[in-house]
Structures are given as structure tokens and as C-alpha cells.
Amino acid sequence: MAGIKDLGVGIGWRSEIDLTVERLPGVDFVEVVAENLHIGHLPESVTLLLERGVPVLPHAVSLSLGGADEVDLHRVEHLGAVAEAVGAPMVSDHVCFVRAGGLDSGHLMPVPRTKDALDVLVANVKLAQRNLPVPLALENVAALLEWPDGELSEGQFLAELVERTDCWLLVDVANLYANARNIGTDPERFLDEIPLERLAYVHVAGGEQHGDIYHDTHAHAVLPEVLDVLDELCSRVAPPGVLLERDDNYPSDTEIASELAAIRAVVDKHRG
Amino acid sequence: MAAPTAATGTRVPPEQIGYLVAGPGRAAETALARLLDAGLVRVSRDGLVSAVHQTELGVSTAVETLILINLRRPARFDAVVRNAAKSTEMRTLHQQLRARRLTRDPRPRLAAWWVFLAIGVVLSLTAFLKPWTLLGAVGFLGAAYWTFGAKPLTRSGRTALKGVTASDRVLAVALEGFRGKVDRQQNVGDLFGLSQSVVKMLPRKRKKPVRRGGGGASDASCGGGCGSSSCGSSGSSCSSGSSSCGGGSSCGGGGGD
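Since the structure is predicted, the reported quantities are computational estimates derived from the model, not experimental observations.

Quick look at the overall build of chain B now. When you go through chain B residue by residue, the secondary structure sums to twelve helices and five strands. Of all 257 residues assigned to chain B, the portion counted as buried reaches 50%. Within chain B, contacts between residues at least 6 apart in sequence are counted, and of these 68% link residues at least 24 apart.

Further remarks concern the interface of chain B and chain A. Contact with chain B, which involves twelve residues of that partner, is made by twelve residues of chain A. Grouping the constituent residues of the side of chain B that touches chain A by class yields three nonpolar, six polar and three charged.

Let us look at the packing of helix α6 (residues 173-183) of chain A against helix α8 (residues 224-236) of chain A. A pair of packed helices is captured by two measures, namely the crossing angle of their axes and the spacing between those axes. All names here are of chain A. At a closest axis distance of 9 Å, the pairing of α6 and α8 adopts a crossing angle of 115°. Overall, the two elements α6 and α8 adopt an arrangement that is roughly perpendicular. For the pair α6 and α8, the crossing hand works out as right-handed. Side by side, α6 and α8 meet where Val 173, Ala 174, Leu 176 and Tyr 177 of the first sit next to Glu 225, Val 226, Val 229, Leu 230 and Leu 233 of the second. Partitioning the contact of α6 with α8 into residue classes produces eight nonpolar, no polar and one charged.

The backbone phi angle of His218(A) is positive, close to 60°, even though this residue is not glycine. At Arg101(B), a residue that is not glycine, the phi angle is positive and equals roughly 55°. As for its position among the elements, Arg101(B) is in the loop between α5 (88-99) and α6 (113-126). Using a count of 14 C-beta atoms within 10 Å as the deciding quantity, one classes Arg101(B) as partly exposed.

On to helix α3 (residues 62-70) of chain B. All names here are of chain B. Within the span of α3, buried status applies to Val 63, Glu 64, Leu 66 and Ile 67. Down the axis of α3, the buried side of the element spans an arc of 160°, and every buried residue falls inside it. Those residues of α3 that are buried are in contact with α1 (14-22), α2 (24-37), α4 (77-85) and α5.

This paragraph deals with the sheet that holds strand β2 (residues 48-51) of chain B. Spatial ordering of the open sheet is given by β1-β2-β3 (chain B), a layout of three strands whose pairing is antiparallel. Both outer strands of the open sheet, β1 (41-43) and β3 (75-76) of chain B, are each paired with one neighbouring strand and no more.

Right, let's get into the UniProt feature "transmembrane region" (unreviewed entry) in chain B. Per the UniProt record, "transmembrane region" (unreviewed entry) is annotated on residues 110-128 and 134-153 of chain B. Secondary structure across residues 110-128 of chain B comprises 74% helix and 0% strand; the distance between its end C-alpha atoms is 29 Å.

Taken residue by residue, a regular strand's side chains alternate between the two faces of the sheet. All names here are of chain A. Extensive coverage of strand β12 (residues 241-245) is indicated by the burial of four of its five residues. As paired strands, strand β1 (residues 8-12) and β12 are joined by four bridges and run parallel to one another. When the sheet's bridge partners are listed, Ile 11 is paired in β12 with Leu 244. As paired elements, strand β9 (residues 199-205) and β12 share four bridges and run parallel to each other. Of the residues in β12, the one forming a bridge with Val 202 is Val 242.

This part covers the environment of Leu20(B). All names here are of chain B. With respect to the helices, strands and loops of the structure, Leu 20 is situated in helix α1. C-beta crowding within 10 Å serves as the criterion here: with 30 such atoms nearby, Leu 20 is assigned to the buried category. The spatial distance from the C-alpha of Leu 20 to the C-alpha of Gly 180 is 16 Å, given a sequence separation of 160 residues.

Quick look at the pairing of strand β8 (residues 168-172) of chain A now. Residue and element names in this part refer to chain A. In terms of burial, β8 is a largely internal element, five of the five residues being buried. Here β8 shows two buried faces, one formed by Trp 168, Leu 170 and Asp 172 and the other by Leu 169 and Val 171. In this structure, strand β7 (residues 136-139) lies alongside β8, joined through three bridges in parallel fashion. Bridged to Glu 139 within β8 is Leu 170.

Looking now at the nonpolar core. When a protein is soluble and globular, its nonpolar side chains tend to lie buried together. One finds Leu169(A), Val173(A), Val204(A), Leu230(A) and Ala84(B) to be the most contacted residues of the largest nonpolar core, which totals 136 residues. Ranked by residue count, the leading element in this core is α2(B), at seven residues. The residues contacting Val204(A), other than those within four sequence positions of it, are Val173(A), Ala174(A), Val222(A), Val226(A), Leu230(A), Val242(A), Leu243(A), Leu244(A) and Ile263(A).

Cut-off values and rules
- Residues numbered from 1 in each chain as written.
- Chains lettered and ligands numbered in written order.
- Predicted model: local features only at pLDDT ≥ 70, side-chain atom pairs only at ≥ 80, totals over all residues.
- Helix = DSSP H or I, 4+ residues; strand = E, 2+ residues; numbered from the N terminus.
- Buried ≥ 20, exposed ≤ 12 C-beta atoms within 10 Å, placed from the backbone.
- Contact = placed C-beta atoms within 7 Å.
- Nonpolar A, V, L, I, M, F, W, Y, C, P; charged D, E, K, R; others polar.
- Axes fitted to C-alpha atoms, helices over the stretch in contact; angles between N-to-C directions.
- Parallel < 35°, antiparallel > 145°, perpendicular 65-115°, else oblique.
- Left-handed = near helix turned anticlockwise from the far one by under 90°.
- Arc of directions from axis to C-beta.
- Pairing = 2+ DSSP bridges.
- UniProt positions renumbered as here; feature names shortened; annotations may be inferred.
- Core = buried A, V, L, I, M, F, W, Y, C linked by C-beta atoms within 7 Å.

Structure follows, in C-alpha cells:
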């Protein structure tokens, strides 16, 4: 994909840490939550980053492409408008649904991995793609449950999605780790099954164990085990970009810089 | 940073200097400045203050602790200062300063204070001829003294501020406030990387602070910030309009003495 190669190492831009993101060394690109931006009134910090030549990638959380409800084209148009406003080479959302029957889940709900659900997802993705000005990447989510009667593994499901829609993949290694802990998914098998040549970039995030459940909180430090999954991915393919997500309990600038450095070290180890 | 030494021989921390210079609002600003300086909080471009998540807190005062507790959720820059200025912890700080006789209860000056003085002088003079008027003279002179008013800063308080300079950015806030300037050029907010739009969330300083008497060091501290009333609540409470750079505070919120 033109313009998406070699994004480098980035961080999720959040308004609470805007000044931190601006002054952190080694931030090659940032990702913004598209729903939080208003066209015509971009945050000063985002504008500043754009002026510096830092790529800004819109990331959506509300398209609900895995849902049986009709895709809300206003949301798709907004995502496209944000992409144009920041000159992004691509946009992304999740393989999930967040609405059903007029209710909003407030969470990224996993999609049943059945052929029927895949047909619905494919149709929605194609509709979104037709209404977006740039390519779409889709991210694997962290699931606390698996729907019954699944016919495909998560990797097979995503591979077929890519084949039928020509979308890109945004692989979240923290979600892979969470799924391994909570529902027994095998990250290596996942990486074996997905078309890594369609990898757009990678998410890394922190989480915490509560009782028997590992929560992908984006509010705690990145675990070494998550970096191990990144390491496994990098041993197979050089990811165009790797991005640190942090959404709450923001640590000091130094700690954030350390996490970025740790990510870069894993990436560089395989580039050497 | 070398904290200045008060007349009593004890160190005066920046937060207390802020209180002595311009009242509880300034002390609250100073506490926030200290937290920023220590990397315990951060401020976003649009003035949202959030606590930096780390396991070991490096707070040094009760007001700082309060601010961090209140920042479990991010809050606006001005609200952080306002809430700290009005807090119980700030009132405790005020009481500590009073106990150390660095501040006292201020009395407003009556416009007609000189009338009492004049009558007292006249009665004093007539006492040479009619000694019984001496009693009246004492009464009127006493009334003149009382109605002349008193600034909140005591002599000890003024002494504590002598020689205090903006030798670091926390002291710069204590002396000038976030909206002030150091050496009439450098914006104090810039020392913390804060934009003007953020520091202007705080109430504007008084344009013409009433100056009385030689303030020594505290005069110096008025360069840009005295009366900058950051006393919090929407400019309400820099009470005793007397305020003044000369004596420092009159920002009254906490009682303002």
C-alpha cells in the first residue's frame, strides 16, 4: 500500500497527553480516535504534529461492522472525512459489533466465527470500503467469551475476511495475549493463519489480571509477555508500524518513552 | 532550591511563600506548580490537568495531596487551583501561618480614619490646658489606629519574604503566579510549557494594585503577579480591597489574614 510502509513506532494520541506526545522522542506516527475529532476543528496538537510531518491515522471504534444492523453511513463518512482532514493513508476499525437491537454495548463485542456471521461482516466491510476515501484495516479484538458453534479459528476467520474484502489487518498483539489467557487462543497459530503480507500495522497495550481474567485495560504497563507476542510476529514479518495504546492512568513521560523504546528494541532486533 | 528562612529561623516552603505573597489562590498555584515540577501531574493543551500514574507519590504537603486525590479524574486547570484554594487543607495552612505570626487578621482601613487622628491630636494638645481631655485623646488616637486598618502580613511575614527571588520555576509561581512574568519578560507559564490560553484560565490580576509602604522583598514579588489573584473562585475573594503588594496578601479566601 503506497504511503503506509515504514510507519515506524508510534503512540495513540489522546488529548490528556497531547503535550507528552509532542515532546516524546522517537514518535514516528500517531493514531487518533476518529469519533473524538471534529472536522474543521482539529486539536492544535494534531495540527502541530501534521505540520511536523508526523502521519496521523484515524482509528474508529463505532462502525460495528460485525453487527447485523445496517451500517451507519454517517459514521463511515465521518471516518472518511477525518482521514481526509489529516491526510491519512488509511483508516481502521475492529472486527466486532458494538450495537444490536437499538442497544449500545459500550464494548467491542466479538463476532461469532461462523460462515453466516462472516457473510454479514464481509457485506458491511465492502459497504464501508465503498464509502471511504482510503483503504480500511481491521483489528482483532480481545474477547472475554467465544460464541458457540464457531466454524473457523480466529486466524482463519480473518484470513477469509481479507481474501473476500481485500481489507488490511491491524493486529493487536495485546489482544492476542489476552485471548490466549482468557479463552485459550494460540497466538502462534493465529499468526500462522493470517495473511501477514496484508499487515498494516500492530497495536501494543498494557493490561492487568483480575482474578481469573486478564483485562486489556490500556491503563497499565505493557507486559513482557505481550512484547513476546510482538517478538513472535516480528520474527515472521517486518511490521510497517507498531503503535502503543494507552487510554488511562497515564504514566510519566519517562515511562511512556521507556515503553516505546522497548517496542522499538523488539522491532529493531529483527531488522538488524 | 534553597528555601528562604523566616525570621523564626525555620524554612518557608514555596507554598507558604505563595500564601504570604498573594493568598490561598497563589498557594494553590504553587502547590500545583510543585506537582508539575515533580512530574506528578501533567497539563494538556486545553488545560486539562491529570495525575501521572506512578506507584510512588512524591507529594510534600497536604494541599498537594488534596490536589492529587481530586485528580483521580482529570480536571480543568482553573478548577484545580480554585478547589485547592478553598479547601480545608488550605485553611489549615492559613492557621499554621497565623500560629507562626507570619499573618494576622486584616482590618480594612476606614476612609475617615484621619478624622479620629485629628481629633485625637487636638485633644492631646488641649490636654496641657485641660488635663481631663487626655482621656478623650487616648480614645480617639486608639480609634485612629484601629480604623487605619492592618495588612494581613505581619512584620515577621514581610521579613520571611525578604530576599526571596524566583530562583526556580516553583518559586516563580509563588512570587508571580502562573499568569505573571519573571524579570518582566519571561512568562511564568512558559517555564512549565503551559500555553497562554491555559494560564489565562486563572483570574486576571488586578491592574492597579494598591501599593502601600515599602515592601522590601515583597515589592519585588509584585513585579507581575501581585494581586494576581488567583484566589480562586471567579475572582471573588481577593477580599480586602486593600491588597497590596506592599504587604503581600490580601487575597482573602481563607480568611486572608
